[in-house]
Amino acid sequence: MIEFKNVSKWYGAFQVLDDCSTRVSKGEVVVVCGPSGSGKSTLIKCANGLEPFQKGELFFNGISVGDSKTNLPKLRAQIGMVFQHFELFPHLSVIENLTLGQMKVLGRSPDEAEKKALQLLDRVGLSVQAKKFPGQLSGGQQQRVAIARALCMDPMAMLFDEPTSALDPEMVNEVLDVMVALAGDGMTMMVVTHEMGFARKVSDRVIFMDSGKIVEDCNTDEFFGAPRSPRAQEFLSKILSH
Amino acid sequence: MNYNWNWGIFFELEPGASGSYLDYLIGGLGWTVVTAVFAWMLALVLGLVVGTLRTTGHKGIERICFAYTELFRNIPLLVQMFLWYFVLPELLPQQLGDAMKAMTPPWGSLVPAVLCLGLFMSVRVAEQVRSGIQSLPRGQQLAGLAVGLTRTQTYRYVLLPMVFRIILPPLTSEFLNTIKNTSLALTIGLMELTARARAMQEFSFQVFEAFAAATVIYLLLNLLVVLAMRKLEQRIRVPGFIGSQQQTVAGH
Amino acid sequence: MGGGFDFDVIERSWVYLFREGMSFTVTLTLLATMGGIVLGTLLALMRLSSYRTLNLIAGTYVNTMRSLPLVLVIFWFFFLVPYIGGWLVGSNQPMKVGAFASALITFTMFEAAFFCEIMRAGIQSIPKDQMAAGYALGLNYRQTMATIILPQAFRNMLPVLLTQTIILFQDTSLVYVISSTDFLGAAVKVANRDHRLVEMYTFAALIYFIICFTASLYVRRLQARISIIR
């Protein structure tokens, strides 16, 4: 579904991604982890064309993301993204946040869009908050709305950029539960996160990045059991000790 | 002190005999408001376009907008007013130039005044729009794009609605500045409020009464605009959103 | 463009424009800036003081000045200053005050309102503990303000103060309404005398532009340097 082929990216003279190659198959849940500045957020932002890259190729469902002829808005409508800081649109109510993309991009009628929105709000457990505004919700609630917003577009895959990093500890679980349920329903997911418990429970594969390179790319049991690289071992020992 | 106070002057007939001095001044207020409103509408439209363009990241466009901004910022407004009124008709092709010169007062003064003021204030509006857009978290644009909106749609549905709410207070003071700046049009013959106060002073010799009245009227107008804007702010307020910090800006 | 324009008029009147006109403008700008900053700082301190009357007086003054068109204020002072002068001296007649003096008083008093707001923001941006530290050393209010707070506030607000000065420089052109001969006034006089409005007004605009643009570039560079230091 998502295929990275030797992707490299520079910000000016600084290299952010170094020859990254990997793939996420349909229905797979892949967790991307690594220290700060390793390029993990940049990697998934390339997947839906939010970040351009200078070398290599990236394919989503067979479509080349880096090709200048590709219709990016159309492509992005098929990929859902959830951000670290939720990024709900503060001037729109929850229900309006969910229907905006449906109406403007997918061309659904207001009734259709609203129906779908309420359905998904229910799925994340927030139908009561439909008329509220993002500023009136807690962080955990906002992030669940953000997930619903992405799901409203009926995406083929979902990208998560550190979805729980900005949340207070007591709200992390409510978001992780939604993500676990989503994985259980067979959604293709690529998740950047530090939540190793989640990774262990739900992911099929783990990618470990360091300084822009993919250092480890193996299935979950192997990663937690016996990672090959010393860097990954070091990282794991630090993360898992608390 | 040799000054004859005469507060009753307002009810005496003014030399044009079309009404009392008070009517005369109120008429001036009318011209002030008309000029300010039209200039402001022009400023908003242009300023929105230029301010938004400056955030697109396109080098060529940015340079043009920078030149536009600097041009209107570094020439005194009065000089600009003279350029519009005296110089522009001479530089236009013969027919247009003659048409402009043939415009009878008050239109001959109003049109250049509105154009001059509108373009001048558009630069201020553009600055507010630009800094408003840049003050939004970058993630907002990314979130809009991630849902599949095009750049234009992202600006229209996500960025600009928030920017409008953020910049409403500074825009209010720019509108008040527009009102104050209409007084410069007296130099090209527009009989707005200050011009009429001066005329009243010349005809009636009641210097302080004339200017005191103009002062009070300007202050009341100010108050009215501020109250109206406050009401607007309350109506469009986003629940749960705390406004952004305001920076100290020089000028008036 | 082209037919019938005589740019020699600029050459001919160069000396007059700059010796009479620009010197008026520059002198007025510099003096009004200095006076405005001093008065403005005083007003800022009044607005920040805990004495309600001082607060109120300064606040009313600043808000009024900022709500009125400069043209109107120029007219006010043009007519008012002679009367006040006469009253101060104790005579029956209004005192004769020249255009420059009237303009100087006007601009100082008017721009002080704007300098006040700038200095007020500057003073408020200094952490409160700076005052506390001064008091802890045993300094009184006046000493702490003068030696600790104001110097810092002034340095922080320097770019904004300079920008306001550039605006003041442009504002001086308004003395036109009381028929004073500043740079613009001189250009107008030459334009009317030689019937060369296009050339003279364009020239005046060009000179103003060059001066203000150069000054604003300098201020921008200064601002970049100051923000690095912080």
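Residue numbers restart at each chain and count upward from 1, following the sequence in its written direction. Written order decides the labels, with chains lettered from A and ligands numbered from 1. Where totals are concerned, whole chains, interfaces and linings use all residues; where local detail is concerned, this predicted model gives features only for residues with pLDDT of at least 70, and gives and counts side-chain atom pairs only at 80 or more. Side-chain calculation: all heavy atoms of the structure are included, whereas hydrogens and water are not.

**Section: the overall build of chain B**
- Within chain B one finds nine helices and zero strands.
- Secondary structure elements follow DSSP: runs of H or I no shorter than four residues count as helices, runs of E no shorter than two count as strands, and numbering proceeds from the N terminus. Helices (α) and strands (β) of chain B occur, in sequence order from the N terminus, as α-α-α-α-α-α-α-α-α.
- Dimensions of chain B, computed from C-alpha atoms along their principal axes, come out at roughly 70 × 50 × 30 Å.
- Here's how the labels work: a residue is buried when its accessible area is under 20% of the maximum for its type, exposed when over 50%, partly exposed in between, all with a 1.4 Å probe on protein chains only. Each of the 252 residues in chain B was classed as buried or not, and the buried ones make up 53%.
- Every residue pair with non-hydrogen atoms within 4.5 Å of one another is taken to be in contact. The contacts in chain B between residues at least 6 apart in sequence include a share of 76% that link residues at least 24 apart.
- Just so you have it, chain B exposes about 11,900 Å², and 64% of that area is on carbon and sulfur atoms.
- Positive and negative side-chain charges in chain B, numbering 18 and 13 respectively, have mean positions lying 18 Å apart. Exposure was quantified through the Shrake-Rupley algorithm and a 1.4 Å probe, taking into account, for residues, occlusion by the shown protein chains and nothing else. For the purpose of counting charges, residues Lys and Arg are taken to be positive, whereas Asp and Glu are taken to be negative. His and the chain ends are not included. Every charge is mapped to an atom, namely NZ of Lys, CZ of Arg, CG of Asp or CD of Glu.

**As for the interface of chain C and chain B**
- With 48 residues of chain C at the contact, the number on the chain B side is 39 residues.
- Joining two parts hides part of their accessible area as seen by a 1.4 Å probe, and the buried area is that hidden amount summed over both. For the pairing of chain C and chain B, the buried interface totals around 3,900 Å² over both sides, and the portion due to carbon and sulfur atoms is 76%.
- Taken as a group, Trp76(C), Phe79(C) and Tyr83(C) account for 15% of the area that chain C buries against chain B, more than any other trio of residues on that side.
- The term salt bridge refers to a side-chain nitrogen of Lys or Arg lying within 4 Å of a carboxyl oxygen of Asp or Glu. Two residues, Arg220(C) and Glu70(B), come together in a salt bridge whose shortest N-O distance is 3.2 Å.
- For the purposes of these results, a polar contact is taken to be a pair of N or O atoms within 3.5 Å, where, inside protein, one atom must be able to donate a hydrogen and its partner to accept one; residues adjacent in sequence count only when each atom of the pair is a side-chain atom. In this assembly, chain C and chain B are joined by six residue pairs in polar contact (both at pLDDT 80 or more).
- Ranked by residues supplied to the side of chain C that touches chain B, first place goes to helix α8 (residues 197-229) of chain C with 11 residues.

**Quick notes on the nonpolar core**
- Counting 170 residues, the largest nonpolar core has Ile2(A), Phe4(A), Met190(A) and Phe107(C) as the members making the most contacts within it.
- When residues no more than four places from it in sequence are discounted, the contact partners of Phe107(C) are Leu28(C), Ala32(C), Leu70(C), Ile74(C), Ala112(C), Leu168(C), Asp171(C), Thr172(C) and Val175(C).
- We call a set of buried residues a nonpolar core when its members are Ala, Val, Leu, Ile, Met, Phe, Trp, Tyr or Cys and they connect through side-chain atoms within 4.5 Å of each other. Among the nonpolar cores identified, the runner-up in size contains 49 residues, and Val145(A), Leu176(A), Leu182(A) and Ile239(A) belong to it.

**Considerations on the sheet that holds strand β7 (residues 157-161) of chain A**
Residues and elements named next belong to chain A.
- In this description, strands pair whenever DSSP reports at least two bridges between them. In spatial order, the strands read β6-β7-β8-β3-β9-β10; together these six strands make up an open sheet with mixed pairing. In this open sheet, the two edge strands, each paired with only one partner strand, are β6 (79-82) and β10 (213-219). Across this sheet, the average inter-strand angle for adjacent strands is 15 degrees, counted without regard to direction.
- In terms of strand pairing, strand β3 (residues 29-33) meets strand β9 (residues 205-210) through four bridges, oriented parallel. Bridge pairing in β9 places Val-30 opposite Arg-205.
- Running at roughly 150 degrees to strand β8 (residues 188-192), helix α6 (residues 169-184) makes contact with β3, β7 and β8 of the sheet. For every element, the axis is a line fit to its C-alpha atoms; helices are fit only across the contacting stretch, and the angle between N-to-C directions ranges from 0 to 180 degrees.

**Considerations on unusual backbone geometry**
Residues and elements named next belong to chain A.
- Its identity is not glycine, yet Asp-19 carries a phi of approximately 50 degrees, on the positive side.
- Relative to the assigned elements, Asp-19 resides in strand β2 (residues 14-24).
- In this structure, Phe-86 is a non-glycine residue whose phi angle is positive, near 65 degrees.
- Secondary-structure assignment places Phe-86 in the loop between β6 and α3 (94-104).
- Accessibility expressed as a relative area gives 11% for Phe-86, which makes it buried.

**Considering the interface of chain A and chain B**
- Across the contact, 24 residues belong to chain A and 23 residues belong to chain B.
- Where chain A packs against chain B, one counts zero salt bridges.
- The interface formed by chain A and chain B holds five residue pairs in polar contact (both at pLDDT 80 or more) in total.
- Sorting the residues of the side of chain A that touches chain B by element identifies α2 (72-78), β6 and α3 of chain A as the ones contributing at least two each.
- For this scheme, ten residues count as nonpolar: Ala, Val, Leu, Ile, Met, Phe, Trp, Tyr, Cys and Pro. Four count as charged, namely Asp, Glu, Lys and Arg, and the remainder, Gly too, count as polar. Of the residues in the side of chain A that touches chain B, the class split is 13 nonpolar, five polar and six charged.

**Focus: the confidence of the model for chain C**
- One confidence number per residue, pLDDT, is output by the predictor and ranges from 0 to 100. Looking at chain C as a whole, its pLDDT mean stands at 88, while 96% of the residues score no less than 70.
- As a predicted assembly, this complex carries a pTM of 0.80 together with an ipTM value of 0.88.

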